[in-house]
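A look at the structure
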Amino acid sequence: MTSTYPEPNLRISEFSDGWKLRKIGQITERIKSYNISHKLEVKQDTGVKSLHYGEIHRGYLNRIKNFDSLPNVVDDDYACLKKGDVIVADASEDLPGLGESCFIAQEPQNEKVVAGLHTLVLRPSENLDPDFLFAYLKTIQFKRYIYQVATGLKVYSLAPTALTNFKLRVPSLAEQKAVTKPLTLIQDEIELNYSKKAAYEKLRSDFISNVIINNRTIAKKKLKNYIHYKKKTIFPNKIKDRQYYEFSMPAFDEDGKPALKSGKKMRSTRFILDEPCILFNKLNVYKKRIWNLHHIPENSVSSAEFLPIICENINQDYLFEILRSDYLTSQVIALSIGSSNSQKRLHPSDLLQISIPMPDLAEQAQLVEIISCFNDSINEIDQKIKKLISLRDFLLKNTFI
């Protein structure tokens, strides 16, 4: 007999009851969040941890079982989060980041955890499995809805009512748990690999800091003596039938690869890329959008938000590692100017005035060889994560309605 209600493409055979259509607001309780920004964080252990939208956007918080990495804040009679609470980011500089979420997978024991800046907290009812809600908020159905209800131009926002009005189809509690079980196992494996990646990244960072940055035997010299900016430009819209490989911020954020685009879709000036270079993004430098390009496809261009850096008497790979180091990032953040934290830019001339450790070229090559060992391990883990995410996304697409 053909079912009269929607069913997922893949369904466990023992279940046959219909999935009921419900608004999020009907099956969850809103829990208070607070205007706690990074400015209110303290170094001492206060017993109170804050979780704000920045932590969610960094991608390392999903099913939270350990709270040690969260910043400390002074208690102010805050309502605390509990196991099962789902925390949603209600602000983002880009649409894909809006509505990203995490949830408390283990009851906090020795600390109080509170929801901070730009978060919305949902506490599922007893008939809604937190894992199921958390997974549903990663489906294409929810993402499409977010694109429809998002507000804002430079920074996108999600209104509380827009979130609670989202309609989702919910099966029985038993089926919810069955559906999310493999997803939970995959997500745990993803987070384990993210932890391994973070460990290698810390080793790399410590090596660069201890062996290069803090090495007093290596003289520091201004970048202006070793690099220049490529200034050759093109207006692709004038050659509408030509295809270009465009290095842009959206392309970097999506998969780190240039996007193939028609010239007629580019309505502003682009930099021509026809020789090895480093692309350093001058907008929101804390995001470290930096490309190290040795082999560049024909007809490649970059958006004006990147600085095309040409190296002179400095190893390009060495410079790349310095440019993405915490040492240099902290300096360019301090030099960036703008009307808001989300739209701060670095002036090109300011980067040239920064001094970096400058060993001879032979030593630069040796240091790059060592750092590449860390990079190889990190890249290997990245490939595992991509495969796991692909499997997770397949299940999200086919086991939910």
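Residues numbered from 1 in each chain as written. Predicted model: local features only at pLDDT ≥ 70, side-chain atom pairs only at ≥ 80, totals over all residues. Heavy atoms only, no water.

1. What about helix α11 (residues 361-399)?
Applied cut-off: By definition, any uninterrupted DSSP run of H or I lasting at least four residues is a helix, any uninterrupted run of E lasting at least two residues is a strand, and each is numbered from the N terminus. Each helix should span, by expectation, one fewer than its residue count multiplied by 1.5 Å. Pairing of N or O atoms within 3.5 Å defines a polar contact, subject to two protein rules: one partner must be a possible hydrogen donor and the other a possible acceptor, and residues neighboring in sequence count only if both atoms are side-chain atoms.
Spanning 39 residues, α11 covers 55 Å between terminal C-alpha atoms, matching the ideal 57 Å at 1.5 Å per step. At the N-terminal boundary of α11, the capping side chain belongs to aspartate 360, with an oxygen 3.2 Å from the backbone nitrogen of alanine 362.

2. Some remarks on the sheet that holds strand β22 (residues 300-302)
Rules: Each pair of strands is called paired provided DSSP finds at least two bridges between the two strands.
With respect to topology, five strands assemble into an open sheet ordered β16-β19-β22-β17-β18, the strand pairing being mixed. If you trace the sheet from one side to the other, it starts and ends with β16 (233-234) and β18 (259-262), each paired once. Sheet analysis places strand β17 (residues 243-247) next to β22, joined by three bridges and oriented parallel. Along β22, the bridge assignment pairs phenylalanine 247 with serine 302.

3. Considerations on the packing of aromatic side chains
Where we set the bar: Only centres within 6.5 Å qualify two rings of Phe, Tyr or Trp (six-membered ring in Trp) as a pair; their planes then separate them into stacked at under 30 degrees, edge-to-face at over 60, and tilted for everything else. Exposure categories follow from relative accessible area, calculated using a 1.4 Å probe and restricted to protein chains: below 20% of the type maximum is buried, above 50% is exposed, and the middle band is partly exposed.
This model, assessed by the stated rule, comprises 13 aromatic pairs. Seen from their ring centres, tyrosine 136 and phenylalanine 400 are 5.5 Å apart, and the 85° between their planes marks the pair as edge-to-face. Taken together, the positions of tyrosine 136 in helix α3 (residues 130-136) and phenylalanine 400 in the segment after α11 put the pair 264 residues apart, joining distant regions of the chain. A relative accessible area of 3% places phenylalanine 400 in the buried class. Taking the centre distance of 5.5 Å and the plane angle of 40° together, the rings of tryptophan 291 and phenylalanine 306 count as tilted.

4. Looking at the pattern of salt bridges
Quick note on the threshold: Definition used for salt bridges: Asp or Glu carboxyl oxygen within 4 Å of a side-chain nitrogen of Lys or Arg.
If you walk through the whole model with that rule in mind, you get 23 salt bridges. Of the charged contacts, one joins aspartate 188 and lysine 65 as a salt bridge, the two residues approaching to 3.7 Å between their closest N and O atoms. A residue pair is termed long-range when its members are at least 10 positions apart, and aspartate 188 in helix α6 (residues 173-213) and lysine 65 in the loop between β5 (63-64) and β6 (72-73) qualify at 123 residues. Residue aspartate 188 is classed as partly exposed on the basis of its relative accessible area, which comes to 27%.

Honestly, that's just the spatial picture; any functional story needs more than this.
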